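The lines below spell out each chain.
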Amino acid sequence: MTAHETTTEPTGPAPGDRPRYAYLGPEGTFTESALLQVTGPDRADLVPCTDVVTALEMVRGGDADYAVVPIENSVEGGVNATLDAISAGDPLVIVREMLVPITFTLSARPGTRLEDVRRISTHPHAWAQCRTWITTHLGDVVHVPATSTAAAAALLSSDEPQGFEAALCSALSAGEYGLEVLATEVADNPNAVTRFILVARPGDMPGPTGADKTTLMVHLPDNEAGALLRMLEQFSTRGVNLSRIESRPIGDSLGRYSFSIDAEGHVADERVQAALLGLHRVCPIVRFMGSYPRADGVRPTLRPGTSDADFRAARRWVVGLLGTDEAPAEG
Ligand SMILES: O=C(O)C(=O)C[C@]1(C(=O)O)C=C[C@@H](O)C=C1
């Protein structure tokens, strides 16, 4: 398989089988709330995993049909573990995105007082979203990193001594693990939202809805002046807006970065296809990671000359010039 190809083998469970969803657990994570937007426990097997890499590997290995993992938080930005794990290794595609509003509680074993709290455990992303609140209300406390907000709550409820007095977690997981809520609405930004993705092996792709996103990972040619600009031009000249672009180190040497990109539109849209054709020419690696409906349903505002009809009319014109049925070069 070349760098630009993806496989098209079928995906998902065999007809009649219950689908299996791997997700960042344990029970009570925000990731589980995202998963419950897709399916209920009565209709599927839900498999909690300790980290996003394990959840994604279960899909790659065929042990799960889908994985649900966080990808982006409105306050803290991209979830690097997810961005890196989906863009390396056997191909995976995003088939849906889910948005979950994030609100934290500070919770502890019953009987703990707020002034007793000197060490707090939670997921690093959760800590980053509450840092100012914590400093303002508790002063200098120590963060004890956990694999998820619910994992911190679960550890605190166990009988083993944990080395921390409280957890930053959802109200739901505080209840599930028998903790007492010491403070609610613990957040530096009350409107925080995390975006989650439903990931599958390549196969059936959701059809275009008119409000879609396409996720890509691209590498730029080494040591070429203007390579980043040329890559971005492939989108701008076709009127494709980007809703996210992040650089990630490739990892093999200093200064080598890949770009993780969300572009507005579906690969079935003419302007997105034209941008992909252009990317294929100017970038050594282009990894297509799925076209799927936007969770917010927002449709792109198309610049004049970039609708499907405009691209098709332009193609018909060039075909007419050629006097054959041959497909012309990209738009
Ligand atoms: O720990 C959880 O509950 C998660 O689902 C993970 C996660 C994240 O990775 O950002 C999800 C949402 C919140 O932003 C905090 C933590």
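These figures come from a predicted structure and were not determined experimentally.

**Things to note about the domain arrangement of the protein**
At step 1: When the domains of the protein are assigned, the result is domain 1 (18-101 + 192-203), domain 2 (104-186) and domain 3 (204-331).
At step 2: Taken residue by residue, the interface counts 16 residues in domain 1 and 14 residues in domain 2.
At step 3: Interface area, domain 1 with domain 2, both sides summed: about 1,100 Å², of which 61% is carbon and sulfur.
At step 4: Ranking the residues of domain 1 by area buried against domain 2 places Gly-28, Phe-30 and Glu-76 at the top, with a combined share of 41%.
At step 5: One can count zero salt bridges joining domain 1 with domain 2.
At step 6: If you look at where domain 1 meets domain 2, you find three residue pairs in polar contact (both at pLDDT 80 or more).
At step 7: When the residues that make up the side of domain 1 that touches domain 2 are grouped by side-chain class, the tally is six nonpolar, seven polar and three charged.

**Observations concerning the nonpolar core**
At step 1: Residues Val-68, Ile-120, Ile-134, Leu-168 and Val-186 are the most contacted members of the largest nonpolar core, which totals 34 residues.
At step 2: Of all elements in the fold, only strand 1 (20-24), helix 1 (30-36), strand 3 (66-73), strand 5 (93-101), strand 6 (105-108), helix 4 (124-138), strand 9 (166-169) and strand 11 (193-200) reach the threshold of two or more residues within this core.
At step 3: In terms of residue count, the dominant contributor to this core is helix 4 (six residues).
At step 4: Residue assignment places this core across two domains, with domain 1 (18-101 + 192-203) and domain 2 (104-186) each supplying three or more.

**Comments concerning the site of the ligand**
At step 1: Near the ligand you find 14 residues, and of these Phe-30, Thr-31, Gln-129, Thr-149 and Thr-194 are the closest.
At step 2: Between the ligand and the protein, one listed contact pairs an oxygen atom with a side-chain N or O atom of Gln-129 at 2.9 Å.
At step 3: Thr-149 places a side-chain nitrogen or oxygen 2.5 Å from an oxygen atom of the ligand.
At step 4: Taking 360 Å² as the accessible area of the ligand by itself, protein coverage stands at 100%.
At step 5: Judged by the proximity of its atoms to the pocket grid, the ligand belongs to the largest cavity.

**Focus on the side chain of Ser-173**
At step 1: Secondary-structure assignment places Ser-173 in helix 6 (residues 171-176).
At step 2: Taking the relative accessible area as the measure of exposure, Ser-173 reaches 0% and is therefore buried.
At step 3: The contacts of Ser-173, once residues within four sequence positions are left out, are Gly-28, Ala-150 and Ala-153.

**Points about the packing of helix 8 (residues 270-282) against helix 9 (residues 308-322)**
At step 1: Taken N-terminus to C-terminus, the directions of helix 8 and helix 9 make an angle of 60 degrees; their axes are 8 Å apart at the nearest point. In this structure, helix 8 contributes Glu-270, Arg-271 and Ala-274 to the contact, and helix 9 contributes Asp-308, Phe-311, Arg-312 and Arg-315.
At step 2: The residue inventory of the contact of helix 8 with helix 9, partitioned by class, reads two nonpolar, no polar and five charged.

**Here we look at the sheet that holds strand 10 (residues 180-183)**
At step 1: Here five strands make up an open sheet; going across it, the order is 8-7-9-6-10 and the pairing mixed. Looking at which strands have only one partner, the edges of the open sheet turn out to be strand 8 (142-145) and strand 10. Here the average twist between neighbouring strands, direction ignored, is 35 degrees.
At step 2: The pairing of strand 6 with strand 9 spans four bridges and is antiparallel. Across the sheet, the residue bridging to Leu-106 is Leu-168, located in strand 9.
At step 3: Contacting strand 6, strand 7 (119-122), strand 8, strand 9 and strand 10, helix 4 crosses the sheet at an angle of about 155 degrees to strand 7.

Rules used in this analysis
- Residues numbered from 1 in each chain as written.
- Predicted model: local features only at pLDDT ≥ 70, side-chain atom pairs only at ≥ 80, totals over all residues.
- Heavy atoms only, no water.
- Domains from an automatic or database assignment.
- Contact = heavy atoms within 4.5 Å.
- Buried area = accessible area lost by both parts, 1.4 Å probe.
- Salt bridge = Lys/Arg side-chain N within 4 Å of Asp/Glu carboxyl O.
- Polar contact = N/O pair within 3.5 Å; in protein donor to acceptor, adjacent residues only side chain to side chain.
- Nonpolar A, V, L, I, M, F, W, Y, C, P; charged D, E, K, R; others polar.
- Core = buried A, V, L, I, M, F, W, Y, C linked by side-chain atoms within 4.5 Å.
- Buried < 20%, exposed > 50% of the residue type's maximum accessible area, 1.4 Å probe, protein only.
- Helix = DSSP H or I, 4+ residues; strand = E, 2+ residues; numbered from the N terminus.
- Near = heavy atom within 4 Å.
- Areas by Shrake-Rupley, 256 points an atom, 1.4 Å probe, with all protein chains shown as cover.
- 1 Å grid on protein atoms, 1.4 Å probe; cavity = no way out; pocket = protein on both sides within 12 Å on 5 of 7 lines; lining within 4 Å.
- Sits in = over half its atoms within 2 Å of the grid points.
- Axes fitted to C-alpha atoms, helices over the stretch in contact; angles between N-to-C directions.
- Pairing = 2+ DSSP bridges.

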